[in-house]
Amino acid sequence: MIPNGEKMLLPLEQIIVPPGHQLLLRNVSWQQFQDILESLGESRSARLSYSQGMLEIMTPLPEHEDEKLIIGDFVKAILEESRE
């Protein structure tokens, strides 16, 4: 058991969020959020959002990623058509 008032630190590599699930962390500082973003890098599969000390880490289902690419391609096509 962790003594009252002491914090337990876990490396990010130990935290697993299965696809389609989320992890909520409270009392996260802005600096901690920035450090987590830097540690995970740009090629992360997880989506992170931060608001007023609450950090949400979510991993989308693979089929949502496919839909995202299709929607992105559709928007690009519309933009290209509107420029012509």
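This structure is a prediction, so every number in the text was calculated from the model and none was measured.

A. Representation of the overall build of the protein chain in the model. Summing up its helical and strand segments, the protein chain has two helices and three strands in all. Along the chain direction, N to C, the helices and strands of the protein chain fall in the order β-α-β-β-α. Summarising the internal contacts of the protein chain: among those between residues at least 6 apart in sequence, 54% fall at separations of at least 24. Put simply, the protein chain shows about 7,300 Å² of open surface, and 57% of that area lies on carbon and sulfur atoms.

B. Spatial organisation of the environment of Leu 40. Tracing the sequence through the fold places Leu 40 in helix α1 (residues 30-40). Residues Leu 40 and Glu 13, 27 residues apart in the sequence, show an inter-C-alpha distance of 9.4 Å. With near-sequence residues (within four places) excluded, Leu 40 lies in contact with Leu 12 and Leu 48.

C. Representation of the nonpolar core in the model. In this structure, Val 17, Val 28, Phe 33, Ile 36, Ala 46, Leu 48, Leu 55 and Ile 57 together form the largest nonpolar core, which totals eight residues. When contributions to this core are tallied by element, the ones reaching two or more residues are α1 and β3 (54-59).

D. The arrangement of the pairing of β3 in detail. Of the two faces of β3, only one is covered, namely that formed by Leu 55, Ile 57 and Thr 59; the face formed by Met 54, Glu 56 and Met 58 stays uncovered. Note: strand β1 (residues 21-25) against β3, five bridges, orientation antiparallel. By the bridge assignment for β3, Leu 23 is matched with Ile 57. Note that strand β2 (residues 47-51) and β3 share five bridges and pair antiparallel. From the neighbouring strand, Ser 51 faces β3, where its bridge partner is Met 54. Here β2 folds back onto β3, and the loop between the two strands holds two residues, one of which, Gln 52, carries a positive phi near 50°.

E. Layout of the packing of aromatic side chains. For the structure shown, the criterion picks out three aromatic pairs. Aromatic side chains Trp 30 and Phe 33 sit 5.2 Å apart centroid to centroid with 50° between the ring planes, which places their arrangement in the tilted category. With Trp 30 and Phe 33 both in helix α1 and three residues apart, the pair spans about one turn of that helix. Between Phe 33 and Tyr 50, the ring centres sit 5.0 Å apart and the planes meet at 20°, which makes this aromatic pair stacked. Here Phe 33, found in helix α1, pairs with Tyr 50, found in strand β2; they are 17 residues apart in sequence, far enough to count as distant. Look at Phe 33 and you get buried, because its relative accessible area is 7%. Its relative accessible area of 24% is what places Tyr 50 among the partly exposed residues. Members of the aromatic cluster, each reached through a chain of ring pairs, are Trp 30, Phe 33 and Tyr 50.

Criteria and thresholds
- Every residue gets a number counted from 1 within its own chain, in the order that chain's sequence is written.
- In keeping with the model being predicted, local features are shown solely for residues with a pLDDT of at least 70 and side-chain atom pairs are shown and tallied solely at 80 or more, while totals for entire chains, interfaces and linings include all residues.
- Just so you know, side-chain values use all the structure's heavy atoms and leave hydrogens and water out.
- Runs of E in the DSSP output that reach at least two residues are strands. Runs of H or I that reach at least four are helices, and both are numbered from the N terminus.
- Whether two residues are in contact is decided by their heavy atoms: any pair within 4.5 Å suffices.
- Note on areas: Shrake-Rupley with a 1.4 Å probe; residue coverage comes only from the protein chains shown.
- The set of buried Ala, Val, Leu, Ile, Met, Phe, Trp, Tyr and Cys residues whose side-chain atoms join them within 4.5 Å is what this entry labels a nonpolar core.
- Any residue under 20% of the maximum accessible area for its type is buried, any over 50% is exposed, and the rest in between are partly exposed; the area is computed with a 1.4 Å probe on protein chains only.
- In short, DSSP must find at least two bridges between two strands for them to pair.
- Any pair of Phe, Tyr and Trp rings, taking the six-membered ring for Trp, is counted once the centres come within 6.5 Å. Such a pair is stacked with planes under 30 degrees apart, edge-to-face with planes over 60 apart, and tilted for the rest.

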